[in-house]
Amino acid sequence: MSRLERIKTFLSDPLTHRVSGILLLFCALFVLLAFISFFFSWEDDQDKMYAPVGELLGQPVQSTNNVLGKLGAILADRLIHQAFGLGSFSIVFILFLFGWRGVSGQWLLPPMASLKKAFLLTVWTSLLLGYLFTDQWFTLGGVFGYQCNLWLVSAAGQVGTGLLHALIATLVGLLWVVPNLPKRQSTDGDYEDDEALVNSTEYLHEEETAEASAQTTRNDRFSGPLKDPYAPSEWKKAREQKAKAMQEGAVELEVEKPAPNKTQESAAHKGIAFEVTPPEITEASVETSSAPAAEPITEEPSKNTAPLDEFETQKIVAVQQLLEEQGEYDPTLDLSSYEYPPIDLLDVRGSDTPTINNEELNQNKDRIIETLRNYSIDIERIKATIGPTVTLYEIVPAPGVRISKIKNLEDDIALSLSAMGIRIIAPIPGKGTIGIEVPNQKPEVVSMRSLIASDKFQKTEFDLPVALGKTISNEIFIADLAKMPHLLMAGATGQGKSVGLNALLVSLLYKKHPSQIKFVLVDPKKVELTLFTIIERHFLAKLPNSEESIITDTKKVVHTLNSLCIEMDNRYELLKDAQVRNLKEYNAKFISRRLNPKEGHRYLPYIVLIIDEFADLIMTAGKEVEMPIARLAQLARAIGIHLIIATQRPSVNIITGTIKANFPARIAFRVSSKVDSRTILDTGGADQLIGRGDMLLSTGSDLIRLQCAFVDTPEVEKLAQFIAQQRGYPGAYELPEYSGDETGEAKDEVDLSQRDAYFLEAARMIVQHQQGSTSLIQRRLKLGYNRAGRIVDQLEAAGIIGPNEGSKARQVLFPTEQALEDFLREKGFL
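Residues numbered from 1 in each chain as written. Predicted model: local features only at pLDDT ≥ 70, side-chain atom pairs only at ≥ 80, totals over all residues. Heavy atoms only, no water.

## Remarks on the overall build of the chain
Move 1: Along its length, the chain carries 31 helices and 15 strands.
Move 2: Within the chain, buried positions represent 42% of all 830 residues.
Move 3: Taking the contacts inside the chain whose residues are at least 6 apart along the sequence as the reference set, 67% of them involve residues at least 24 apart.
Move 4: Here the chain displays about 46,500 Å² of accessible surface, and carbon together with sulfur accounts for 55% of that area. (Helix = DSSP H or I, 4+ residues; strand = E, 2+ residues; numbered from the N terminus. Buried < 20%, exposed > 50% of the residue type's maximum accessible area, 1.4 Å probe, protein only. Contact = heavy atoms within 4.5 Å. Areas by Shrake-Rupley, 256 points an atom, 1.4 Å probe, with all protein chains shown as cover.)

## Describing the environment of E339
Move 1: Structurally, the position occupied by E339 is in the loop between α13 (310–326) and α14 (358–374).
Move 2: Sequence separation between E339 and F722 is 383 residues; the distance between their C-alpha atoms is 9.2 Å.
Move 3: Other than its neighbours up to four places away in sequence, E339 contacts F722 and Q726.

## Considering the nonpolar core
Move 1: Grouped together as the largest cluster of nonpolar side chains are 111 residues, with contacts concentrated most on L468 and F519.
Move 2: Of all the elements, helix α21 (residues 554–578) adds the most residues to this core, at 9 residues.
Move 3: Apart from residues no more than four positions distant in its own chain, L468 is found in contact with L451, F477, A479, L504, I667, M695, L697, L706, Q707, C708 and A709.
Move 4: A762, A763, A788 and V812 belong to the second largest nonpolar core, which has 23 residues in total. (Core = buried A, V, L, I, M, F, W, Y, C linked by side-chain atoms within 4.5 Å.)

## Considerations on the packing of aromatic side chains
Move 1: Within this structure, the stated rule accounts for 12 aromatic pairs.
Move 2: Here the aromatic rings of F35 and F89 are separated by 5.3 Å at their centres, their planes lie at 70°, and the arrangement is edge-to-face. Note that F35 is positioned in helix α2 (residues 14–45) and F89 in the loop between α4 (69–84) and α5 (90–104), a separation of 54 residues in sequence.
Move 3: Taking the relative accessible area as the measure of exposure, F35 reaches 0% and is therefore buried.
Move 4: Between Y329 and F590, the aromatic rings sit 5.1 Å apart at their centres with planes inclined by 80°, giving edge-to-face as the arrangement. Here Y329 is found in the loop between α13 and α14, whereas its partner F590 is found in helix α22 (residues 583–591), with 261 residues between them in sequence. (Phe/Tyr/Trp six-rings, centres within 6.5 Å; stacked < 30°, edge-to-face > 60°.)

## Observations regarding the pattern of salt bridges
Where charged atoms from two side chains of opposite charge approach closely, those side chains can pair.
Move 1: Applying the stated criterion across every chain, the model contains 25 salt bridges.
Move 2: In this structure, D347 and K718 form a salt bridge, with 3.5 Å as the shortest nitrogen-oxygen distance. With a gap of 371 residues between them, D347 in the loop between α13 and α14 and K718 in helix α27 (residues 713–724) connect regions that are remote in the sequence.
Move 3: On the accessibility criterion, K718 (36% relative accessible area) is partly exposed.
Move 4: Two residues, E567 and R571, come together in a salt bridge whose shortest N-O distance is 2.9 Å. Of this pair, E567 and R571 both sit in helix α21, 4 residues apart, which is roughly one turn of the helix. For the pair E567 and R571, one class covers both residues: buried.
Move 5: Connected through shared salt-bridge partners, D347, R349, D712, E715 and K718 make up one network. (Salt bridge = Lys/Arg side-chain N within 4 Å of Asp/Glu carboxyl O.)

## Brief notes about helix α29 (residues 774–781)
Side chains of residues three or four places apart in an α-helix project in the same direction, reflecting 3.6 residues per turn.
Move 1: Among all positions of α29, only L776, I777, Q778 and L781 are buried.
Move 2: Residues of α29 that are buried in the fold lie against α21, α28 (759–769) and α30 (785–798).
Move 3: Phi turns positive one or two residues past the end of α29, at K782, with a value near 55°.

## Some details on the sheet that holds strand β5 (residues 465–471)
Sheet strands pair via backbone hydrogen bonds, and the direction of the pair is either parallel or antiparallel.
Move 1: Strand order in this open sheet of 9 strands is β6-β5-β14-β13-β12-β7-β11-β10-β8, and the pairing throughout is mixed. At either margin of the open sheet sits one strand with a lone partner, and together these are β6 (476–480) and β8 (517–522). With strand direction ignored, the average angle separating the axes of adjacent strands in the sheet is 30°.
Move 2: By the bridge criterion, 3 bridges tie β5 to strand β14 (residues 702–708) in an arrangement that is antiparallel. Across the sheet, the residue bridging to K470 is Q707, located in β14.
Move 3: Where α21 meets the sheet, its contacts fall on β8, β10 (606–611) and β11 (641–647), and the angle it forms with β10 comes to roughly 155°. (Pairing = 2+ DSSP bridges. Axes fitted to C-alpha atoms, helices over the stretch in contact; angles between N-to-C directions.)

## Remarks on the sheet that holds strand β4 (residues 434–439)
Move 1: On the basis of which strands lie adjacent, the open sheet formed by 4 strands has the order β1-β2-β4-β3 and antiparallel pairing. The two strands at the open ends of the sheet, each matched to only one other strand, are β1 (379–386) and β3 (423–425). When strand polarity is set aside, the average angle formed by the axes of neighbouring strands in this sheet is 20°.
Move 2: Note: β1 against strand β2 (residues 390–397), 7 bridges, orientation antiparallel.

Here is the structure:
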């Protein structure tokens, strides 16, 4: 009998059901007494509940007034005071319901309907009591009801919240009364859906199936075609067929072509082209409209689909059971107490809407019109859009005016406006206008706080959202770094690159949990990114045994980049084994517990590499830095490694063709010449910016002008301090080992007297799998690439595996584990 069959037999044993039922009834009684005693002793025990649970339970001198001691006081405080108040008594009902089922073998009430109603009653009771009782009586509704009503009262007022509760009470009453009314009998003699009848019939069918399967043998169960374990009963199939037939008739009525309405008729009479977009055909409508009449469902498997074998069926059942017992994997539980930074850490600057100076607008408009008329250029209309630092004037030229003629007047218009520098967009993409961007006399500061607090950022569904700034039309611009997928930032000294990097980092820190993202920070100048050193245990990644979390030494930068390449290769191996294409699909599969951690699978966080001054690395290391960066930029997008590179020297020997080809997203701050602008963006415009965070973002074919959000050093310091004061991981996220010269260790230099601690375990594992590869040792023993390579060299020197044969796996020289054990004992390795 297999292990799975023994587990099934144990779970189906009536004795197991009775023992479980007795335990659940005991838990119900325990919780009930703890809850009742809580209302007489909570005031005396409240100050003790603020201490950690382990500290409270570990002090035998300290006691509580709850009749069930500390456990009862903690349980009641967590479920009543800090949760749902009196609504938590539904837990006692659920425990009693399932306990009675285990002891007696019968359900007092339909279980699924009871769970739904208990949950609804819990939430509704907490909300209602939280509204009726406040101040010292807010415990009746719990913290949940109290906080929810605070928000509701602030949003809808006291009277509006009361009306909302009255509406909810009416709906809850209908949910209890309507299902219990007599059902109307249909014309064919069958009654409409009765929830109690449905649940009781389904559970009777499940009990009959369990009794029948207990009487059959294992050979009988797996003989013949394999049946779907989740197939519905015959009674349920008949009801589904009937509902499907009714639905098909409804769909046929829905897809009929409607008669034209009055708007369409009037538009046709007036000669206006009125185009009606046909409705989208969903998958459900296609299937129902093309499906034939309902036919009896047979048990024969499809000819095109191979039946699942016994192992695959057991694996699917095991995954389903694991999901039911433990739920989906949650990576944030490692730091479940982590609190996201509050908005108050950022300072308030400027205003959300720019100041409108009508005098300035009229003067600029008149000067633009006058300058164009001096060159015999007439315009039909002009419109101004005010931004935080730049105002966009859109003009519509008169018929017959050449666009190039206006574009050549860029310097003349700048002279007439006495502006620092203007930029002409001829024409504006998607519009029939020509744009003239004129700097404001009093530019506004775009506060980072206004971007983070906006609904657009708070409600975004981007994987890696970064709040860059505001557009000319004063709209908040948020980009997804995961879609970029790499970013190049360049500009002259003092034009806002460091502030832009801080804005990117702050955006990600406000949005992501430490388990979801890690940063690799490279700062050759040693002063720009040092503020983030204190969040090493939360968000940073580095090489093993590295002392500094911010990489400043050029040699360590080379090692880190090569280590990221190893991490990239390892992640691609995991994606290949999981049969997925990118990191998002892999993590979704791991969260749903369809990947086994014992096979080396794990939750993979995003890794963002940030290099503050790329030119210095190119000058000191050259190809040693450029090649791994180019390799990461080419391949690392799918496995969640993204690069952000900043430089103040936008020349062709720094931003080479290899770099530019793999960085489609580029940000250009103000530069001194058009040549530098073309080097960064492949077009001009960056030389006409006004500085102080004014930038151009190129995402392929689009070119967007933005005012970068300003975040000052004290704000970043407060943010880092807030994160660092919280509980973090034991250390930084460790990248794979890389030590350069050690990989070239010769075979004759291997000293078997200094064998690795995993030498014996690796030897047994390789003989067991008959596969002598370094990647196998990496995945199974969770080691770095270099250490696994050294173990392979030791196994070769000991005569356990053969020499390297290029791309082929090494030959294993022992066919069985017993032969290996005899050899190890003979050589004195045991």
